[in-house]
Amino acid sequence: MGRPRSFDEDEVVRAAVTLFSGRAYDGVSVDDLVGHLGVHRNSLYKTFGSKRGLYLIALRRHLADDVRPLLDALAGASDAAAALRLVTSADLGLLLIAVAERAPVDEEVAAEVKAALAAVDQAIAGALGVSLDLAAALTAAALGIILRRNPDNAATALARCLGPLT
């Protein structure tokens, strides 16, 4: 009979979200996971199957904990400026890293990312009463603003320009 689990799986997944958000999948080794999460290597493999298994669970947790509330908030966006502020102020770190790093090489990650971005597009389109194409452009612009690390100034300028469109 094995030893009882000496860690809280939920806490480990939350810590993994933070770790993968900060250093990306390829920047995190199994030794890093063991050291930062306080989980023995055997327990990590037994519980999550692999580093990739933990990453997928962490990505799904990030989507549930950070992206889902954004979708709910976007439903109340009254204009493009409000939608841009909501997206640029959300914690989308792991989603953005997944888009760039894992989605091109992992079909399962690509499907999760595609669904999450489509949901953001749909939420913006529904809230603003605009086409899905325009909503996707707003989503792309908002994500670009986050990547440029200038959310306030760029989002305000973009919202001014887009005002007549929405």
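Everything below is about the structure printed above this text.
Attention here is on the structure that accompanies the text. (Residues numbered from 1 in each chain as written. Predicted model: local features only at pLDDT ≥ 70, side-chain atom pairs only at ≥ 80, totals over all residues. Heavy atoms only, no water.)

### Some thoughts on the nonpolar core
General note: in soluble globular proteins, nonpolar side chains tend to be found buried as a group. Counting 50 residues, the largest nonpolar core has F20, L54, V87 and I124 as the members making the most contacts within it. When contributions to this core are tallied by element, the ones reaching two or more residues are α1 (9-23), α2 (30-37), α3 (41-48), α4 (51-74), α5 (80-89), α6 (93-102), α7 (107-128) and α8 (132-148). With 10 residues, α4 is the largest single contributor of residues to this core. With sequence-adjacent residues up to four places away left out, I124 is seen in contact with L74, A83, V87, G129, V130, A135, L138 and T139. (Core = buried A, V, L, I, M, F, W, Y, C linked by side-chain atoms within 4.5 Å. Buried < 20%, exposed > 50% of the residue type's maximum accessible area, 1.4 Å probe, protein only. Helix = DSSP H or I, 4+ residues; strand = E, 2+ residues; numbered from the N terminus. Contact = heavy atoms within 4.5 Å.)

### Observations regarding α8
In this model, α8 (17 residues) spans 24 Å end to end at C-alpha, consistent with the 24 Å of a helix rising 1.5 Å per residue. All of the buried residues in α8 are A135, L138, T139, A142, L143 and I145. Along α8, the residues classed as buried sweep out an arc of 155 degrees about the axis, all on the same side. The exposed set on the far side of α8, more than 90 degrees from its buried face, consists of D133, L147 and R148. R149 sits one or two positions beyond α8 and adopts a positive phi of about 60 degrees. (Expected span 1.5 Å × (residues − 1). Arc of directions from axis to C-beta.)

### Examining unusual backbone geometry
At A24, a residue that is not glycine, the phi angle is positive and equals roughly 70 degrees. Tracing the chain through its elements places A24 in the loop between α1 and α2.

### Remarks on the packing of α1 against α2
Relative orientation of the contacting elements α1 and α2 amounts to 130 degrees, with a least axis distance of 10 Å. Relative to α2, the element α1 is oriented oblique. In the packing of α1 onto α2, the handedness of the crossing is right-handed. Contacts between α1 and α2 involve V12, A15, A16, L19, F20 and R23 on the former and, on the latter, D32, L33, H36 and L37. When grouped by side-chain class, the residues that make up the contact of α1 with α2 number 7 nonpolar, 1 polar and 2 charged. (Axes fitted to C-alpha atoms, helices over the stretch in contact; angles between N-to-C directions. Parallel < 35°, antiparallel > 145°, perpendicular 65-115°, else oblique. Left-handed = near helix turned anticlockwise from the far one by under 90°. Nonpolar A, V, L, I, M, F, W, Y, C, P; charged D, E, K, R; others polar.)

### Section: the pattern of salt bridges
Scanning the entire structure with this criterion turns up 11 salt bridges. Between E108 and R52 there is a salt bridge, and its shortest N-O distance comes to 3.0 Å. Here R52 lies in helix α4 and E108 lies in helix α7, a separation of 56 residues in the sequence. You can call R52 partly exposed: its relative accessible area is 31%. In this structure, the salt-bridge partner of R60 is E108, at a minimum N-O distance of 2.7 Å. Residue R60 is found in helix α4, and its partner E108 is found in helix α7; the two are separated by 48 residues along the sequence. Exposure remark for R60: the relative accessible area of 33% places this residue in the partly exposed category. (Salt bridge = Lys/Arg side-chain N within 4 Å of Asp/Glu carboxyl O.)

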